[in-house]
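# Topology and contacts: notes
Here's the letter readout for the chains.
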Amino acid sequence: MGELLAILEKYNHLLLNGTLETLYMVSVSLVIAVIFGIPLGVLTTITRKGHILTNNVLNKILDGIINIGRSIPFIILMVAIIPLTRALVGTSIGTTAAIVPLAVAAIPFVARVVDNALLEIDPGIIEAARSMGATPLQIIVKVLLPEALPGLILGVTLTAINLIGYSAMAGAIGGGGLGDIAVRYGYQRFRIEVMVQTVIILVLLVQLIQWAGNKIASHFDHR
Amino acid sequence: MIEIKGLVKNYSTGQGVLHALNGVDLKVNEGEIFGIIGPSGAGKSTLIRSLNLLEIPDAGSIKINGKEVRSLKGKELRDFRRKIGMIFQHFNLLSSRTVRENIAFPLEIAGVPAGERNRKVDRLMELVGLSAHADHYPSELSGGQKQRVGIARALANDPQILLSDEATSSLDPESTEAILDLLKRIRDELNLTIVLITHEMEVIKKICDRVAVLENGRVIEEGEVIDVFLNPQQELTRRFIRTVIDYTLPEGLEEMVIKGTLVRVTFKGESTHQPLMSLLVKKYQIDANILYGRIDDIQGTPFGTLILEMIPNGGSIDQALNFLKEQGLVVEVLKNG
């Protein structure tokens, strides 16, 4: 009996730690992805033909970067950028090290999500702002981003959920987190109950994030 | 005030070059409401967007208060645009901002401090009758209310000129009426010059002082609204007038009127005070049969339209028609007897 409790405690401790590690990886990489992805997405949109700072060459380059970034499978990206990870974090193993490939993978994703959200805005609204003598920066800050806010929030939500999936893969090569636990205990040691528990936690996390994202987005949606 | 000369704008499309503006000349006087009417594709939208350089013309000149607009760039252009208000068919309000915040938007852009901004927004909301809706979002407003927000927003930076791009085209008749009244009122109160484009002759008839008819990128007719109604020169203009004063006789009726000559008589102002019908009968021995008649009000001037069937009763039709013309009436023979 005492032995069983000890095992349970050990696993609970393990699951709690894993959850925290996952949250840490996802949230930090999400913040980084948003910081870099939003400007990248905005720049892609406004350089499109007919937009406020049309620049065909720059647009094609940015569009290409985003597409390439999104087409590399995460597991390959993770390995491929190990030198970058080492340079930035000092190691390529561990939870903090996993943040680098996660962020790198999420930046183009966020950029595309931003690009799509901004393209949804009625061009008439942008024209009205131009007719008032707004500068391109004023149009970005006062028109594009606020008008696209609900779409941006949903896009960030989507990115967060994707990152949870990626973080499980990062776990598989020593990044820690729930994915790591599922693989090491559930898969390699045939502890089905541990695997089931981690999956339940992941499902709940995803549900919670989507629910919160929807709530916040609809709060800001006045269309 | 606004002088447009030889304005040209071409678009290259998949099928070749589209000549949106084909050498437009126009003059808009200070304080007037100038209407530009034309069918869709005539170049109205391109023309009005050229006035604040939302469209860049290929050739020609646009002078506002003697200053060439086409040479403006960067900050100069933005400062110039702040002095020209614009309203739109689909209102183009920011959905993320309340009424108050939408009206404050151009003031924020112009860098007006918050205190002054608030005072100004309050005044503007009162001017357009929206004070009760200050904290509503556009999605909670009716079309007419949205356009009021659009108008208040366009007036925020005290413009001298207001451009109206089909501002009533997506409104119901009642809201259209109210918005047109509002435009006229603010023109009078603020001494604005308003340039509007529309495809509805009703709008021209109701509030415009002068009108230009645009077809295929050219001005085909231009003048005081009452004169254009009285004596349209172009078939397109006649068609537009018929959309508000429909003197087309019911089908079949024209065939029945075989005896007489069918004549359209239009007149304005004092001409309506003459007892013309009795003179026709007594002096010119013509029996005149009124098939259609109405009197409209164009900018406060009575404007009459009559369709007469004239049957000679000893007199001559030509003499009678000359007499009517001498009285200052515009006479058009629709069908000879």
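Residues numbered from 1 in each chain as written. Chains lettered and ligands numbered in written order. Predicted model: local features only at pLDDT ≥ 70, side-chain atom pairs only at ≥ 80, totals over all residues. Heavy atoms only, no water.

## A word on the interface of chain B and chain A
Quick reminder of the rule: Residue contacts are counted whenever heavy atoms from the two residues lie within 4.5 Å of one another. Note: buried area is the sum, over both parts, of the accessible area (probe 1.4 Å) each one loses when the two are combined. A side-chain nitrogen of Lys or Arg and a carboxyl oxygen of Asp or Glu constitute a salt bridge if their distance falls within 4 Å. Helix and strand definitions here come from DSSP, where helices need a minimum of 4 consecutive H or I residues and strands a minimum of 2 consecutive E residues; each element is numbered from the N-terminal end. Charged residues are taken to be Asp, Glu, Lys and Arg, nonpolar residues to be Ala, Val, Leu, Ile, Met, Phe, Trp, Tyr, Cys and Pro, and polar residues to be all remaining types, Gly included.
Counting from both sides, the interface comprises 23 residues of chain B and, opposite them, 19 residues of chain A. Between chain B and chain A the total buried area reaches about 2000 Å² when both faces are included, carbon and sulfur atoms providing 55% of it. At the surface where chain B touches chain A, the tally comes to two salt bridges. Put simply, Lys142 of chain A and Glu108 of chain B hold a salt bridge, and the shortest N to O gap is 2.7 Å. If you list the elements that add at least two residues to the side of chain B that touches chain A, you get helix H2 (74-82), strand S6 (84-88) and helix H3 (99-109) of chain B. The element contributing the most residues to the side of chain B that touches chain A is H3 of chain B, with four residues. Class assignment for the residues of the side of chain B that touches chain A results in eleven nonpolar, five polar and seven charged.

## Structural notes on the domain arrangement of chain B
All names here are of chain B. Test applied: In this document the domain limits rely on a domain assignment from an automatic tool or a database. Any pair of N or O atoms that falls within 3.5 Å is considered a polar contact. Within protein, one atom must be able to donate a hydrogen and the other to accept it, and sequence-neighbouring residues count only if both atoms are side-chain atoms.
Splitting chain B by domain gives domain 1 (2-243) and domain 2 (258-335). Taken residue by residue, the interface counts 15 residues in domain 1 and 13 residues in domain 2. Summing both sides of the interface, domain 1 and domain 2 together bury roughly 1000 Å²; the carbon and sulfur share of this comes to 60%. By the criterion of area lost to domain 2, the three top residues of domain 1 are Lys205, Ile226 and Leu230, representing 60% of everything that side buries. The tally of links between domain 1 and domain 2 comes to two salt bridges. Between Asp296 and Lys205 there is a salt bridge whose closest N-O contact spans 3.1 Å. There are six residue pairs in polar contact (both at pLDDT 80 or more) connecting domain 1 and domain 2. Counting residues per element, the ones that place at least two in the side of domain 1 that touches domain 2 are helix H7 (201-207) and helix H8 (225-230). The element best represented in the side of domain 1 that touches domain 2 is H8, accounting for five residues.

## What to know about the sheet that holds strand S12 (residues 286-298) of chain B
All names here are of chain B. Formally: Note on pairing: DSSP must find at least two bridges between two strands before they are called paired. As a rule, the C-alpha atoms of each element are fitted with a line to give its axis, helices using only the stretch in contact, and angles between N-to-C directions run from 0 to 180 degrees.
Read from one edge to the other, the open sheet built from four strands follows the order S12-S13-S11-S14, with strand pairing classed as antiparallel. Edge positions in the open sheet fall to S12 and strand S14 (330-335), since each of these has one partner strand only. Within the sheet, the average angular offset between the axes of one strand and its neighbour, ignoring direction, is 20°.

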